[in-house]
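Commentary on secondary and tertiary structure
Letter by letter, the chains look like this.
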Amino acid sequence: MQNPKSALEITGDKPKAVRGAIFFLTNDPGSESDPLSCYQFYDDGILVLQNDGHILDVGSTIQIRAKHHLESHEIIDFSGKFILPGFIDTHTHYAQSEIIATYGEQLVQWLEHYAYPVESQFADNAHAQLASRFFLNELLRNGTTTALVFGTVHKASIDALFAESEKLNMRIIGGKVMMDRNAPVDLLDTPETAYTDSKTLIEAWHNKGRIQYAITPRFAVTSSPEQLVAAAKLYEEYDDVFLQTHVAENLNEVALVKQLFPKAESYLHIYDNFGLIGPRTVYVHGVHLTDDEFDLLARKNAALSFCPTSNLFLGSGLFNFRKAEHHKIQLSLGTDIGAGTSYSMFQTMNEAYKVVQLQKTYAESPENKITLTPYKAFYLATLGAARALNIDKKLGSLAPGMEGDFIVLNPEATPLLRFRMQNARSLADRLFTIMMLADDRAVYAVYVMGRRWTEKTTND
Ligand code: GUN
Ligand code: ZN
């Protein structure tokens, strides 16, 4: 396997400032086509950093020059490029990079044929380390600076991921998968080992630097009631750890869960019956949620991660974005690597847009006319995700005091982007062009906590 090496540049003594077209959301733009009060845009702006990597100030070049003596700063000129908050991917499996684009199956068979065999390799620490490096490198190359990540059932999978994240000073949230039934024997833990291994990982890593832990029962198919009790115990014991799991992704999965929990009111109610829904819980997919289930998520202040490339690839169905909006769900976007087909949040926004378009009708209620606007799409990939994860005081925008995770985009990175951009008159049109046509080639620079990340790939 190729061994990607990445590093953060060593900062000099001088504090830094970056100049370019600065854009970030400040609030949920809903479906407004030009939600002026929900974003900041400085066509020629400066973002001033503190030496510790936090953002000191942001504004137009004229405003910032009037307020600050920048003579002592190193000003990095990205004129002609966009400066945005780093993307936040709220659902991905780092162990599944090797099975992206595996052919022909829907969820249950895809897990059996492709996902479980590849996850078995993570019993090997060296493999976990190599895969962690590859994964984090891919995130950064695509402009994603934070992710909520599934490991595998092996405790070592998360030790490796966190150790590599720590070297890059990335805010990564992740957890060891809990699964004690309906999967190959070598991938099973027990309620007791799942509890103690997760607890050991929490004690070792949670809030160490920028790392945070997420309790990770895979889904109701592979966790026994006893294991869900153990997960709930952990969720109760730690008031700032996260919890992530899958729900209502695929109709066969929903039917299987009905057989396993015949008395439950619904799939989501199973998790609720165990006390697993609340703040800092992130439910993934929800393609087949009922109105009652959407309502339950909203009432319990839980978040939902919409993973369009995965839902299309596995043929899981079309996520009902309008219902999620109607119920005011804390929504965000996930790549769901490796059922998802791209690490890029541009590609994820692109396919989210198409999923919403596929359900658009003009005939019925106004709700059905909703389109995913570029403002909303960028919101879901930045501030919306930070809000869903309750880290919006740290990340998601470029306001003073935030952690300095940001990206520099070249809106003319490819011939097609350059050609199309000439015809993009408004900010909304420029953003829409980027979300539909950009990929990793448009990610010109990536900053993690104020330091520029560089990539070196070797074959050693
Ligand atoms: N449901 C349970 N496990 C998984 C997984 O690994 N990928 C997806 N897409 N859905 C799941
Ligand atoms: Zn998943």
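Further up the page is the structure itself.
For every chain, the first residue of the written sequence is number 1, and numbering continues from 1 onward in sequence order. Each chain takes a letter, starting from A, and each ligand takes a number, starting from 1, following the order in which they are written. Residues qualify for local features only when their pLDDT is at least 70, as the model is predicted, and side-chain atom pairs are given and counted only at 80 or more; totals for whole chains, interfaces and linings, by contrast, use all residues. As a rule here, side-chain values come from all non-hydrogen atoms in the structure, and water together with hydrogens is ignored.

The next point concerns the overall build of the chain. A count of helices and strands for the chain gives 16 helices and 17 strands. Taken along its principal axes, the extent of the C-alpha atoms in the chain is 65 × 55 × 40 Å. Relative accessibility under 20% of the residue-type maximum defines a buried residue, over 50% an exposed one, and the middle range a partly exposed one, all with a 1.4 Å probe and only protein chains included. A burial count over the chain gives 60% of its 460 residues as buried. The contacts in the chain between residues at least 6 apart in sequence include a share of 76% that link residues at least 24 apart. Carbon and sulfur atoms form 51% of the exposed surface of the chain, whose accessible area is close to 17,500 Å². Secondary structure follows DSSP: runs of H or I at least 4 residues long count as helices, runs of E at least 2 residues long count as strands, and numbering of each begins at the N terminus. In what follows, residue pairs with any heavy atoms lying within 4.5 Å of each other are defined as contacts. Accessible surface area values rest on a Shrake-Rupley calculation with a 1.4 Å probe, where residue burial reflects the displayed protein chains alone.

A word on the nonpolar core. Residues Phe23, Tyr271, Tyr283 and Phe378 are the most contacted members of the largest nonpolar core, which totals 123 residues. Examining the composition of this core, we find that 7 residues originate from one element, helix α12 (residues 345-358), more than from any other. Not counting residues up to four positions away in its chain, the partners in contact with Phe378 are Phe23, Leu25, Leu84, Phe87, Met349, Leu431, Ile434 and Met435. Val18, Tyr42, Leu47 and Leu49 belong to the second largest nonpolar core, which has 17 residues in total. Definition used in this section: a nonpolar core is a set of buried Ala, Val, Leu, Ile, Met, Phe, Trp, Tyr and Cys residues joined via side-chain atoms within 4.5 Å.

Time to look at the packing of aromatic side chains. Centre distance within 6.5 Å is the pairing criterion for rings of Phe, Tyr and Trp, where only the six-membered ring of Trp is used; planes under 30 degrees apart are then read as stacked, over 60 as edge-to-face, and the remainder as tilted. Counting across every chain of the model gives 20 aromatic pairs. Note on Phe23 and Phe378: the rings are 6.4 Å apart at their centroids and 85° apart in plane angle, and the pair reads as edge-to-face. Residue Phe23 is found in strand β2 (residues 16-25), and its partner Phe378 is found in helix α13 (residues 374-381); the two are separated by 355 residues along the sequence. Phe23 sits in the buried class, given a relative accessible area of 1%. Judged by relative accessible area, which is 1%, Phe378 ranks as buried. Two conditions define a charge sitting above a ring: the NZ of Lys or the CZ of Arg must be within 6 Å of the ring centre, and it must be within 35 degrees of the ring normal. Over the aromatic face of Tyr444 sits the side chain of Lys81, whose NZ or CZ is 4.3 Å from the ring centroid.

Of the grid points, spaced at 1 Å and generated over the protein atoms alone, those admitting a 1.4 Å probe that cannot get out make up cavities, while open sets with protein on both sides within 12 Å along at least five of seven lines make up pockets; any residue with an atom within 4 Å of a point is treated as lining. Grid points are joined across faces, edges and corners, and a volume is the space filled by probe spheres set on the points. In this structure the tally under the stated criterion is 1 cavity of 30 Å³ or more. Taken together, 13 residues line the largest cavity, and the ones lying closest to its centre are His93, Leu107, Leu111, His246 and Glu249. Take the lining of the largest cavity: its biggest share by element is 3 residues, from helix α2 (residues 107-120). Taken together, the residues of the lining of the largest cavity break down into 6 nonpolar, 4 polar and 3 charged. Gly is put with the polar residues, along with every residue not named as nonpolar or charged; the nonpolar set is Ala, Val, Leu, Ile, Met, Phe, Trp, Tyr, Cys and Pro, and the charged set is Asp, Glu, Lys and Arg.

Coordination shells were defined by N, O and S atoms within 2.8 Å of each metal, extended to 3.2 Å for Na, K and Ca; water is absent from the atom set, which can make sites look incomplete. Only His91 (NE2), His93 (NE2), His246 (NE2) and Asp336 (OD) from the protein reach the zinc ion (ligand 2) as donors, at distances of 2.0 to 2.5 Å. Relative to the metal, the 4 donor atoms surrounding the zinc ion (ligand 2) lie at angles of 86 to 166°, and the coordination shape comes out irregular. For Asp336, a relative accessible area of 3% gives the class buried. Under the classification used here, a metal with four donors is tetrahedral if each angle lies between 85 and 135 degrees, square planar if opposite donors are over 155 degrees apart and the others between 65 and 115, a six-donor metal meeting that same test is octahedral, and anything else is irregular.

A word on the packing of α12 against helix α16 (residues 427-437). For the pair α12 and α16, interaxial distance at closest approach is 6 Å and the crossing angle is 100°. Classified by the interaxial angle, the pair formed by α12 and α16 is roughly perpendicular. Along its contact with α12, which presents Phe346, Met349, Asn350, Tyr353 and Lys354, the element α16 presents Phe432, Ile434, Met435 and Met436. Among the residues forming the contact of α12 with α16, the class breakdown is 7 nonpolar, 1 polar and 1 charged. Each axis is a line fitted through C-alpha atoms, taken for helices only over the stretch in contact, and angles between the N-to-C directions span 0 to 180 degrees. We call two directions roughly parallel when the angle between them is under 35 degrees, roughly antiparallel when it is over 145, roughly perpendicular when it lies between 65 and 115, and oblique otherwise.

A word on the pattern of salt bridges. Each reported salt bridge corresponds to a side-chain nitrogen of Lys or Arg within 4 Å of a carboxyl oxygen of Asp or Glu. What the rule picks out here adds up to 23 salt bridges. The salt bridge involving Asp440 is made with Arg141; its shortest N-O contact spans 2.9 Å. Highlighted residues: Asp440 in the loop between α16 and β16 (443-448) and Arg141 in helix α3 (residues 125-141), separated in sequence by 299 residues. The partner of Lys233 in a salt bridge is Glu237, with the nearest N and O atoms 3.5 Å apart. Of this pair, Lys233 and Glu237 both sit in helix α6 (residues 225-237), 4 residues apart, roughly one helical turn. What makes Lys233 partly exposed here is its relative accessible area of 45%. Under the relative-accessibility criterion, Glu237 is labelled partly exposed at 35%. Overlapping salt bridges bring together Glu138, Arg141, Asp440 and Glu455 as one network.

Any link to function would need more than the numbers given here.
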